[in-house]
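# Coordinate analysis (summary)
If you want the building blocks of each chain, they are given just below.
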Amino acid sequence: MDIEILNALLKPKSVAVIGASATPGKIGHTVLLNLQESKYKGGIYPINPKSDEILGFKCYKSVLNVKEQIDAAIIVVPAKFVLQIVDECGKKGIKGLLVITSGFAEVGKDDLEKEVVAKSRSYGMRVLGPNIVGVLSNSDDFNGSFAPFLPYKGTASLVSQSGALLIGIDAQTYTRGIGFDKLISIGNMSDVNFADTIEWLDQDEKTSCISLYVEGLNDGRCVIDKGRKATKPIIALKAGSSAHGAVAAASHTGSLAGSSKIYKSAFAQAGIIQAEDLDNLFDRTLVLSLQPPMKGDNVLIITNGGGVGVLGTDSAEKFGVPLKYTPPELQEKLKKYMPSFGSAKNPVDLTGMAGNDWYHDTVKIAFNHEWVDGLVVLYCETAMTNPLEIAKSIKKSVDDTGIKNKPIIASFVGGERSDKAMRWLVKNGIPAYAGPDVALNAISALKEYAKIREDSKDIPTTYDDANREKAMDVINYARNEERIALTEIEAKHVFAAYGLPVTRAKIAKSEEEAVSFANEIGFPIVMKIVSPDILHKSDAGGVIVDVNSIEDVRKFFNEIMENAKVYKADANIHGVVIQEMAPWGTEVILGSVNDPTFGPTMMFGLGGIFVEVLKDVTFRVAPFSKRQAAEMIGEINAAPILIGIRGEKPKDREALSDTICRYANMIYDLRDEINESDANPVLVYEEGDGLKVADARILLTKK
Ligand code: ACO
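The structure presented is a predicted model; accordingly, all values stated were derived computationally and were not measured.

### A look at the overall build of the chain
Broken down by element type, the chain carries 24 helices and 29 strands. Counting only C-alpha atoms and orienting by the principal axes, one finds that the chain spans roughly 95 × 80 × 40 Å. Taking all 703 residues of the chain together, 59% fall into the buried category. Looking at the chain as shown, the accessible area adds up to about 28,700 Å², and 52% of this sits on carbon and sulfur atoms. For the chain, the centre of its 80 positive side-chain charges and the centre of its 92 negative side-chain charges are spaced 6 Å apart.

Rendered as structure tokens:
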């Protein structure tokens, strides 16, 4: 990252507004007015050939007429003039361009956009946009946009791909009382993209949490890389699920890989928390910007109402932070501050009699206790208490402990007085929400943050025995025949080169060869048609399992060959594969897609018909660690089947993790070659007995 250039772009010391207009209501007028009204201290240089002065600022015909140095130019002239403006800015030595103008790639004018970037880069300038609202920064008193005002002050910063949404969010920061320092509209991302802004905001001392509104990334792997390296929490709201997954694909994995599922995994791998919707983005941004990660599992709820306590308990379970009983010794301490009909278990119910002092003392004792990893304080308005005083008691008790490395969150259920008290809490660094469910969701975000930060440090597992050369021989053979579909046996050779346990198999071109190979491999065997033109072998009557005699081998060899000819008369038939018949086990599927955003991505799920009906699958961007592979196994709904239920012995998850990880290495290593692949079914046996890849499919990239 060229920090100097990005500083000039995102917190410029001086700025030209090219296309500044004297006509109120025009964007070029609004941007200039916003700079003025935000009390921007840097140099402001309106550029317009027709005016000498706008809003009291001296106006110039061109940036080349300005003597002073200019860091950034905000461009608000129609698209057809932008290239010429870029030239002038380059000659002037401007470092960054904020191109508000629309009418580029978003309307199909990709070439014009590329030209703008190429020309800018030739002068060493970076481009934000085009098609943006601009940049807003509270700490720089900089409203370089046509959004009406700077956001409510705070320490989160938001990067938004939607300009209109950014303006809406800007306004909502006030109604929600959630503060931001910077709002960055990223538009078409022709040059500066999410990865750049993540990296830059991570070093920005005024930003404590990075919030993203994402429609689609153009730099998926780079975002994973920058996300992993970031030291601040990042939260993303991903909108839109692409049609990519719906496109009929030749492999199971291709059709199951809806991009939203892949985004979910990729964000987790990047250490990025996800938000469900806009409300959730605000709520989670608030907590991540104010509170530290929650390092353990123990959430304690303190409440004055049983009802909100139960709602909180339900939500804790729903959001993955189920409550546990308070340790007896802590219960004893807390019991002093409640009537006999209160409860010191978890939730700690101080009852409706709770006043400021009880809240103060119990919060202090609980927050100080080592068992408590995170505290949620619930309060319902009562006639005997004043919400603001309760809020102040909570804050005082936290300050009294001096603890800063574990989180505290509040939820006040009430009316205007509670709203006011919660605003006070937020201003004083304690996130507060109107609903207990929202508070529990917020604390779960801190738990998720702690976990995925840890996970994202994982180093991918590598294997020394992978034999790329051997795999490439098979791939090159197919390419020489101008094929992109490998036969099953070819795919198995590629898998075997990366250490995947495939069933033994040989291709028989004649009945005699079939008999000889069957004797060599040993009965029972499986016989399958081998043809690059027949991907769905069963549909073509090309698969016979459990063949037990030489007579049957002869009979089925001829039958399979006949069926194939009927199915596709012009099919190129390599022969019939004679394959070891692996004993039946639990069927799982391993597969891959070359995702347009994230590249080689691995899928794992329960196999057989379940994969199609239940779509019980999970994804990871390859490569990854063996620990991540083990997590994938635990993530599917059918995980208990592999762990062992109802007296069934546990399956060999160690061997399965290893195979998943090897597979991920293979698709990453061969990312320029493999477009889609499946190992389906993979038969998993009991612990210690390993697994077998029974069928394999690889589709190569088109070159
Ligand atoms: N140098 C300096 N000024 C120039 C130049 C030049 N080479 N050429 C023209 N200008 C002046 C014009 O004379 C005009 O000033 P004036 O009002 O004094 O006449 C000014 O620049 C603007 O030019 P106009 O032709 O009047 O263009 P207009 O203001 O109507 O539109 C704009 C320009 C706003 C850039 C428009 O083309 C556009 O892209 N609008 C959409 C912007 C947008 O919405 N972006 C965010 C997308 S996200 C979301 O949807 C919220």
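### Things to note about the packing of aromatic side chains
All chains considered together, the criterion is met by 10 aromatic pairs. An angle of 65° between the planes, with centres 6.0 Å apart, marks the rings of Y45 and Y60 as edge-to-face. Residue Y45 is found in strand β2 (residues 43-47), and its partner Y60 is found in the loop between β4 (57-58) and β5 (72-75); the two are separated by 15 residues along the sequence. Connected via pairs of aromatic rings, a cluster forms that spans F149, Y152 and Y174. Across from the ring centre of Y152, 6.0 Å away, lies the NZ or CZ of R423, which sits over that ring. Taking NZ or CZ as reference, R671 lies 4.1 Å from the ring centre of Y668, over its face.

### A few points about the packing of helix α3 (residues 82-92) against helix α4 (residues 110-122)
Contact pair α3 / α4: the axes reach a minimum separation of 9 Å and the direction vectors enclose 5°. Between α3 and α4, the angle falls in the class roughly parallel. Seen from α3, the contacting residues are V82, L83, V86 and D87; seen from α4, they are L112, E115, V116, K119 and S120. Tallied by class, the residues present in the contact of α3 with α4 amount to 5 nonpolar, 1 polar and 3 charged.

### Observations regarding empty space enclosed by the protein
Per the stated rule, a full pass over the model turns up 3 cavities of 30 Å³ or more. Roughly 80 Å³ of internal volume is contained in the largest cavity. Surrounding the largest cavity, L486, T487, E488, I529, V530, S531, I534, L535, K537, A696 and R697 form its lining. Those elements that place two or more of their residues in the lining of the largest cavity are β21 (525-530) and β29 (696-700). Along the lines of polarity and charge, the residues of the lining of the largest cavity split into 6 nonpolar, 2 polar and 3 charged. Empty space within the second largest cavity amounts to approximately 70 Å³. Every residue lining the second largest cavity is listed: R228, Q269, D455, S456, D458, I459, P460, P623, F624, S625 and Q628. When grouped by side-chain class, the residues that make up the lining of the second largest cavity number 4 nonpolar, 4 polar and 3 charged.

### Regarding the nonpolar core
Counting 74 residues, the largest nonpolar core has I302, L375, I408 and F412 as its most contacted members. The element contributing the most residues to this core is helix α16 (residues 436-455), with 8 residues. Those residues in contact with L375 that sit more than four places away from it in its chain are L300, I302, V363, A366, F367, P407, I408, I409 and I443.

### Notes on the pairing of strand β15 (residues 299-303)
A large share of β15 lies buried, amounting to 5 of its 5 residues. With 4 bridges joining them, β15 and strand β17 (residues 374-380) adopt parallel strand pairing. Note that in β17 the partner of I302 across the bridge is V377. Note that β15 and strand β16 (residues 348-349) share 2 bridges and pair parallel. Looking at the pairing, T303 lines up with D349 of β16.

### Side note on the site of the ligand
The immediate surroundings of the ligand are formed by 23 residues, with S21, K26, N48, K50 and S102 found nearest. Contacts to the ligand include K50, whose side-chain N or O atom sits 2.7 Å from an oxygen atom. Considered on its own, the ligand offers 1,000 Å² of accessible surface; in the complex 72% of this is hidden by protein. Here the residues of the shell around the ligand sort into 13 nonpolar, 8 polar and 2 charged.

### Comments concerning the pattern of salt bridges
Per the stated rule, a full pass over the model turns up 49 salt bridges. With a closest N to O distance of 3.5 Å, K95 and E4 form a salt bridge. One end of the pair, K95, is in the loop between α3 and β6 (96-99); the other, E4, is in helix α1 (residues 3-10), with 91 residues separating them in the sequence. Here R417 ties to E381 by a salt bridge, and the two come within 3.3 Å at their closest N and O atoms. Linking R417 in helix α15 (residues 416-427) with E381 in the loop between β17 and α14 (387-401), this pair joins segments that are 36 residues apart in sequence. R417 sits in the partly exposed class, given a relative accessible area of 40%. Taken together, the shared-partner salt bridges in this structure form one network comprising K451, D455, D458, R620, R627, E631 and E635.

### A closer look at the sheet that holds strand β14 (residues 272-275)
Whether parallel or antiparallel, the strands of a sheet pair through hydrogen bonds between backbone atoms. Spatially, 7 strands are ordered β9-β8-β11-β10-β12-β13-β14 in an open sheet, and the strand pairing comes out mixed. Edge strands, defined here as strands with exactly one partner in the open sheet, are β9 (142-145) and β14. Neighbour-to-neighbour, the strand axes of this sheet turn through a mean angle of 20°, independent of strand direction. The pairing of strand β8 (residues 134-137) with strand β11 (residues 180-185) spans 3 bridges and is classified as antiparallel. Counted as the bridge partner of L136 is L183 from β11.

### Some points on α15
For an α-helix, 3.6 residues make a turn, and residues three or four places apart therefore share a direction. An ideal rise of 1.5 Å per residue puts 16 Å on 12 residues; α15 measures up with 17 Å between its terminal C-alpha atoms. Looking at α15, one finds that the buried residues are S418, A421, M422, L425 and V426. When α15 is viewed along its axis, its buried side chains cluster within an angular range of 140° and face the same direction. Those residues of α15 that are exposed and angled more than 90 degrees off the buried face are E416, K420 and K427. Each element contacted by the buried residues of α15 is listed here: α10 (278-290), β17, α14, β18 (408-413) and β19 (432-433).

### As for α10
Helix length check: α10, at 13 residues, gives a terminal C-alpha distance of 19 Å against a target of 18 Å (1.5 Å per residue), a fit within 8%. Within α10, 10 of the 13 residues are buried, leaving the element largely enclosed by the surrounding structure. You can read the cap of α10 off the contacts: a side-chain oxygen lies 3.3 Å from the backbone nitrogen of D279, and it is on D277.

### A short note on the confidence of the model for the chain
Of all residues in the chain, 97% attain a pLDDT of 70 or more, and the chain-wide mean is 93. Contacts of residues 244-255 to residues separated by more than four positions or lying in other chains number 31 contacts, the stretch itself having pLDDT below 50.

Conventions used here
Residues numbered from 1 in each chain as written. Predicted model: local features only at pLDDT ≥ 70, side-chain atom pairs only at ≥ 80, totals over all residues. Heavy atoms only, no water. Helix = DSSP H or I, 4+ residues; strand = E, 2+ residues; numbered from the N terminus. Buried < 20%, exposed > 50% of the residue type's maximum accessible area, 1.4 Å probe, protein only. Areas by Shrake-Rupley, 256 points an atom, 1.4 Å probe, with all protein chains shown as cover. Lys, Arg positive; Asp, Glu negative; His and termini not counted. Charge placed at Lys NZ, Arg CZ, Asp CG, Glu CD. Phe/Tyr/Trp six-rings, centres within 6.5 Å; stacked < 30°, edge-to-face > 60°. Lys NZ or Arg CZ within 6 Å of the ring centre and 35° of its normal. Axes fitted to C-alpha atoms, helices over the stretch in contact; angles between N-to-C directions. Parallel < 35°, antiparallel > 145°, perpendicular 65-115°, else oblique. Contact = heavy atoms within 4.5 Å. Nonpolar A, V, L, I, M, F, W, Y, C, P; charged D, E, K, R; others polar. 1 Å grid on protein atoms, 1.4 Å probe; cavity = no way out; pocket = protein on both sides within 12 Å on 5 of 7 lines; lining within 4 Å. Points joined across faces, edges and corners; volume = space filled by probe spheres on them. Core = buried A, V, L, I, M, F, W, Y, C linked by side-chain atoms within 4.5 Å. Pairing = 2+ DSSP bridges. Near = heavy atom within 4 Å. Polar contact = N/O pair within 3.5 Å; in protein donor to acceptor, adjacent residues only side chain to side chain. Salt bridge = Lys/Arg side-chain N within 4 Å of Asp/Glu carboxyl O. Expected span 1.5 Å × (residues − 1). Arc of directions from axis to C-beta. pLDDT = per-residue confidence, 0-100.

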